[in-house]
Structure formats: C-alpha cells, structure tokens
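Structure at a glance
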Amino acid sequence: MSVPHTPAVLTPLPAEWARTVTTVVMPTYNEAENLPMMAEALMALPLEGLRLLVVDDDSPDGTGRVADQLAEKYHEPGRPRVSVLHRTVKEGLGRAYAAGMARAVEDGAAYVLQMDADGSHPAGKIAEMLGVALSTGADVVVGSRYVPGGTLSAAWGAHRRLLSRWANAYAGTILGTRLRDITGGFNLWSAAALRSLDLDTVDSAGYSFQVETKYRALRAGFTVVEVPIHFEDRTVGESKMSLAVQLESVAMPWRLRAKELRTSGGRDH
C-alpha cells in the first residue's frame, strides 16, 4: 500500500502525537564525520518524543566516542535524547539493527525508526511517517524510493539505479510481495510489530535484514504502508556493501521462501 506524495514542508504534528516516544536506531561504523550532523538534524525536529540510539560496532575512527559526546551535549534532565549502545565486534548491519531495535523497545519506544548515518535518509520525513502510522494504524511505514513521488540522488548513475530496481524486483518476485521498496532501509516500526517479529530469530546479518523483516511482517499480517522519499547519496565516508553482504542479499529471498514452504508443509501459497 502507498500513500500520496506530500510536500517536504515540515507540518507540525498534533502535540499529543509529537510526544509519542519514537526512537531512531542508527547503526554506525566509521561515521565520525557524519554523526554530529545527523544528530543535529534529528534533535532540531519538532518532535518532543524523539530519541536517537546510536549502535556503534567499535568503530576504529572513534565514532563511539563522538556518540558519547553527543549524548552529553543533548542531555536534558528527565528526557533522554541521545544514547549509545557500544558493541565490541562488527557483526553486520542486520545484527546491529536487531540489537538496537530490541533495546529501543525495551526502553519504552512506541515506534522505532531505522535510519542510516550517512545522510541518505531525509530527517524531514520522520514527522510525516509517524503521522501516517498514527493516523492509519499502520504497523510499518516504509520510506520508499519507488512509489510515485519517490526520487533518487542525481549522483546515482544508470548502473546503480538499474541494480537497485533489479534487487527490489528480484526479492519481490521470489517472495510474492507488492512492496515497491522491500530493500529500503528507512522504515518506521510499531513496538508491537517488533515484539511479534522476535528480532533474535532474524537470520540476516547484512542489508538483507531489510527484506527479511518486512517479509516476516507481511506474513504475520501487519499493515505496511509506503510513503515517497528523496534518497540522497552519501557525501562522506565509504559504503559498507561488501561482496559477502551482496551474496547474502541474493540468497536470502530463496532461504525465506524455502523456510516458508517447509513450515506450510510444502504447500505453496
């Protein structure tokens, strides 16, 4: 399901909605240059209930120390705004997200937003995504590059655009979903949906975490809505998309499909 495109102007949410405890979970590995700008953009949003949880995988560039400094900078008595989950090993984006999302729910978040630290996801869309969730009752709101109104950075070349489109079509066809952006990483989840997913049982270590969690939510009957976003290209740092991560992304839809067939006794739905 998708919703119509709305202007990028920040329309304030009703005060009660703006107070909804919403935690942005932001995994980091060598993002020391990007993180302060991301935190500043988030803390400036007119969302009283917004929190940022940085999940750092022991970044050698000192991102963890930067995150701790930001937690001190934005600390307000009785109102935790920025917190840090320090992990001692680099296990992949999926593992970092699972740990951070579970911690956010444990700490009382009503909604949890997945967001990259590289500036590719538009902070200005968060209020709209939360508003869509609260007004429609959607369990998952996907910031989509591929519904009408969604756009990609002009820095993306034809090959990268084609590869991204192909990845979505590939996963969607194998899994039988109608989501336009099943691979996208800018997603708002209700705490109820995350509890149902049982994040400890998610298999994906890398970017295929995005596909697996959305697929599991759909199979569980949760409502998933897509809203259009502009996806920007990173300007600082390097992509973490290794060959191993790409191979996992190719294999994961087949693994999910095979598991579904096994649990249904071999009957294809």
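Residues numbered from 1 in each chain as written. Predicted model: local features only at pLDDT ≥ 70, side-chain atom pairs only at ≥ 80, totals over all residues. Heavy atoms only, no water.

**Structural notes on the overall build of the chain**
Helix and strand content of the chain: nine helices and nine strands. Looking at the 269 residues of the chain, the share that counts as buried comes to 52%. Excluding contacts between residues fewer than 6 apart, the proportion of contacts in the chain whose partners are at least 24 apart in sequence is 80%. Entry remark: accessible area of the chain is about 12600 Å², with carbon and sulfur atoms responsible for 55%. (Helix = DSSP H or I, 4+ residues; strand = E, 2+ residues; numbered from the N terminus. Buried < 20%, exposed > 50% of the residue type's maximum accessible area, 1.4 Å probe, protein only. Contact = heavy atoms within 4.5 Å. Areas by Shrake-Rupley, 256 points an atom, 1.4 Å probe, with all protein chains shown as cover.)

**Focus: the side chain of Arg216**
Inspection of the secondary structure assignment puts Arg216 in helix α8 (residues 209-219). Within the structure, Arg216 has its side chain in polar contact with the backbone oxygen of Leu197 (distance 2.8 Å). Look past the residues within four positions of Arg216 in its chain and what remains in contact with it is Leu197, Asp198, Thr201 and Val202. (Polar contact = N/O pair within 3.5 Å; in protein donor to acceptor, adjacent residues only side chain to side chain.)

**Here's the deal with the confidence of the model for the chain**
Here the chain shows a mean pLDDT of 86. Residues at 70 or above account for 83%. For residues 2-9, every residue scores under 50 in pLDDT, and the model assigns this stretch 14 contacts once sequence neighbours within four places are set aside. (pLDDT = per-residue confidence, 0-100.)

**Quick look at helix α3 (residues 63-73)**
In an α-helix, one turn spans 3.6 residues; hence positions three or four apart end up facing the same way. For α3, the full list of buried residues reads Thr63, Gly64, Val66, Ala67, Leu70 and Ala71. Relative to the axis of α3, the buried residues are bounded by an arc of 160° and lie together on one face. Residues of α3 that are exposed and point over 90 degrees away from its buried face: Arg65, Gln69, Glu72 and Lys73. Buried positions along α3 lie against β1 (22-28), α2 (35-43), β2 (50-56) and β3 (82-86). (Arc of directions from axis to C-beta.)

**Considerations on the nonpolar core**
Looking at soluble globular proteins, one finds that nonpolar side chains tend to be buried together. Judged by nonpolar contacts, the single largest core of 40 residues is most densely connected at Val24, Met26, Leu42, Leu47, Leu52, Met115 and Ile126. Counting residues per element, this core draws most heavily on helix α5 (residues 126-136), at six residues. One finds Val25, Leu53, Met101 and Leu179 within the second-largest nonpolar core, a separate group that totals 32 residues. (Core = buried A, V, L, I, M, F, W, Y, C linked by side-chain atoms within 4.5 Å.)

**A closer look at the pairing of strand β8 (residues 224-228)**
A large share of β8 lies buried, amounting to five of its five residues. Judged from the five bridges that link them, strand β5 (residues 140-144) and β8 form a sheet pairing that is parallel. Across the sheet, Gly143 pairs through a bridge with Val227, a residue of β8. (Pairing = 2+ DSSP bridges.)

**Quick notes on the sheet that holds β2**
The seven strands lie next to each other as β3-β2-β1-β4-β7-β5-β8, forming an open sheet whose pairing is mixed. The two strands at the open ends of the sheet, each matched to only one other strand, are β3 and β8. Sheet twist, expressed as the average angle between the axes of neighbouring strands with direction ignored, equals 20°. Of the strands in this sheet, β1, β2 and β3 are in contact with α3, which crosses β3 at around 150°. Strands in contact with helix α4 (residues 93-106) are β1, β2, β3, β4 (111-114) and β7 (187-190); relative to β1, the strand with the most contacts, it is inclined by about 155°. (Axes fitted to C-alpha atoms, helices over the stretch in contact; angles between N-to-C directions.)

**So, the pattern of salt bridges**
Taken as a whole and judged by the stated rule, the model has seven salt bridges. Measuring nitrogen to oxygen at the nearest pair gives 2.6 Å for the salt bridge that ties Asp57 to Arg87. Remark: Arg87 occurs in the loop between β3 and α4 and Asp57 occurs in the loop between β2 and α3; sequence separation between them is 30 residues. You can call Asp57 buried: its relative accessible area is 5%. Salt-bridge contacts for Glu76 lead to Arg79; the nearest nitrogen and oxygen are separated by 3.0 Å. Look at Arg79 and you get partly exposed, because its relative accessible area is 25%. Here the salt bridges do not stand alone but share partners, grouping Asp57, Arg87 and Glu91 into one network. (Salt bridge = Lys/Arg side-chain N within 4 Å of Asp/Glu carboxyl O.)

**Describing the pairing of β7**
The alternating pattern of β7 places Asn187 and Trp189 on one face and Leu188 and Ser190 on the opposite face, and all of these are buried. In this structure, β4 lies alongside β7, joined through three bridges in antiparallel fashion. Considered in β7, the bridge of Val112 is made with Trp189. Strand direction decides the pairing type here: β5 and β7, joined by three bridges, are antiparallel. Bridge pairing in β7 places Val141 opposite Leu188.

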